[in-house]
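# An overview of the molecular structure
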Amino acid sequence: MKPKILISSCLGFAKCRYNGDIVNFELLEMMKEYIDFIPICPEVEIGLTIPRDSLRIVKNDDEYRLIQPSTKIDFTNEMKAYAEKISKEIKDIDGIILKGRSPSCGIKDVKVYSGISNSAVVEKTKGIFAKEILDKYYYLPTEEEGRLLNLEIREHFFTKLFVLYDYKNIKKENSMKALIDFHSNNKYLYFAYDQTQKNKLGQIVANQNKKPLYELFNEYFEELIKLFSKLPSKKNYINSYLHIFGYFSKDISKNEREFLLDLIEKYRNNQIEKTTIANVLKSYVIKYNIDYLLNQRIFSPFPDGLVSLIDSSIKH
Ligand code: SF4
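Here is what the cut-offs are and how they apply
Residues numbered from 1 in each chain as written. Predicted model: local features only at pLDDT ≥ 70, side-chain atom pairs only at ≥ 80, totals over all residues. Pairing = 2+ DSSP bridges. Helix = DSSP H or I, 4+ residues; strand = E, 2+ residues; numbered from the N terminus. Axes fitted to C-alpha atoms, helices over the stretch in contact; angles between N-to-C directions. Near = placed C-beta within 6 Å. Nonpolar A, V, L, I, M, F, W, Y, C, P; charged D, E, K, R; others polar. Domains from an automatic or database assignment. Contact = placed C-beta atoms within 7 Å. Core = buried A, V, L, I, M, F, W, Y, C linked by C-beta atoms within 7 Å. Buried ≥ 20, exposed ≤ 12 C-beta atoms within 10 Å, placed from the backbone. Left-handed = near helix turned anticlockwise from the far one by under 90°. Parallel < 35°, antiparallel > 145°, perpendicular 65-115°, else oblique.

On the basis of which strands lie adjacent, the open sheet formed by four strands has the order β2-β1-β6-β9 and parallel pairing. Either end of the sheet is taken by a strand with one partner, and the two such strands are β2 (36-40) and β9 (142-144). Direction aside, neighbouring strands of the sheet carry axes that sit 20 degrees apart on average. Here three bridges tie strand β6 (residues 95-98) to β9, and the two strands are oriented parallel to one another. By the bridge assignment for β9, I97 is matched with E143.

As a further point, take the site of the ligand. S8, S9, C10, C16, R17, C41, P42, E43, K99, S102, S104 and C105 make up every residue found near the ligand. Among the residues forming the shell around the ligand, the class breakdown is five nonpolar, four polar and three charged.

Glancing now at the domain arrangement of the protein chain. By the assigned domains, the protein chain splits into domain 1 (4-149) and domain 2 (150-309). The straight-line distance from the C-alpha centre of domain 1 to that of domain 2 is 33 Å. Between domain 1 and domain 2, the contact holds 12 residues from the first and 13 residues from the second. Here the side of domain 1 that touches domain 2 is composed, by residue class, of seven nonpolar, one polar and four charged.

Turning our attention to the nonpolar core. Core analysis: the largest hydrophobic core is formed by 41 residues, its most contacted members being I5, L66, M79, I97 and F129. Taken domain by domain, this core gets at least three of its residues from each of domain 1 (4-149) and domain 2 (150-309). Y193, I204, L227 and Y267 belong to the second largest nonpolar core, which has 21 residues in total.

Direction vectors running N to C along helix α6 (residues 176-193) and helix α9 (residues 234-246) enclose 145 degrees, while the axes themselves pass 7 Å from each other. Once α6 is placed against α9, the crossing between them reads as right-handed. Contacts between α6 and α9 involve Y188, F191, A192 and Y193 from the former and N236, Y237, N239, S240, H243 and I244 from the latter. In terms of residue class, the contact of α6 with α9 is built from six nonpolar, four polar and no charged.

Following both chains from N to C, one finds helix α10 (residues 254-268) and helix α11 (residues 274-287) inclined at 160 degrees, their axes separated by 9 Å at the closest point. What the angle tells us is that α10 and α11 run roughly antiparallel. Between α10 and α11 lies a crossing of left-handed hand. Residues L260, L263, I264 and Y267 of α10 form the contact with α11, whose own contacting residues are K274, T276, I277 and V280.

A separate point is unusual backbone geometry. A cis amide bond, omega -10 degrees, links I50 with the succeeding residue P51. One can find P51 in the loop between α2 (42-45) and β3 (56-60). One non-glycine residue, D61, lies in the positive phi region at around 50 degrees. Classification of D61 by C-beta neighbours within 10 Å gives exposed; the count is 5. At N118, a residue that is not glycine, the phi angle is positive and equals roughly 45 degrees. Relative to the helices and strands, N118 resides in the loop between β7 (110-113) and β8 (121-125).

Attention shifts here to the environment of K111. Looking at where K111 falls in the secondary structure, it is placed in strand β7. As a C-alpha pair, K111 and E123 span 12 residues in sequence and 6.3 Å in three-dimensional space. What K111 contacts, discounting residues up to four positions off in sequence, is I57, V121 and K124.

The structure is reproduced here in structure tokens:
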């Protein structure tokens, strides 16, 4: 079983762009081994042809309309109806990747025009299809293909995807032990994201008020989503690494200590990636057989095969 991602078809699956093109989404092949994809092209699904005249979003009396300027046909209602239909059919998805800047699929920065032709761009928004899907699946990891080329954004996306996917699976076990183990193995990853949220999750698992299990699972999920609502800071990651380092710092030599602290400084100064530190820390955890840390997810938050140093450095 793998997580399932809803994806715009033109990102490597079909030549369905308005001009008959396909987009080269360079991460796709690497991702296919670990993720199942559900490709869809909303514009084709509502009956448009390939190729077709392009669409645009036009602001009309404070409403966003999806218009084909060459024919002046308004496809907004068809697109919204299709989004509603498909979101009922694909209930079990774990993430979403959509084509950036498309008036249908873009999740942000889609141009909004003041009129059908010869008109200015007045603002930017979400694509008409994307807005409907994102309103419904606000809690899922969602990105545009271009932003995923940024290392930090991609690592966050994969981390959230695989943590939420595993959570969905342990929820099916419906056992307190499964929830406790899950929480315990994620502790240092949570610490790296948001210490306040980590503590809230810990309180839910402690269950002082003896709440029923289904209530705990639901509350835990709500707080987990909040924890992953923004990218983790480097400062928090370093704090989390230093806590792990504390478990064996007295057992290693002065030279080893200095080497590790120097690595952490290099990470702070953008000279190395965090996987380097995670691997060195893990090697000591294995050497000293520190049970509590062996399965900490912070060492490998998503499958190692998805680790790649591709980095556009564009975050917009
Ligand atoms: S951006 Fe969306 S609507 Fe446009 S071609 Fe790609 S999948 Fe189809």
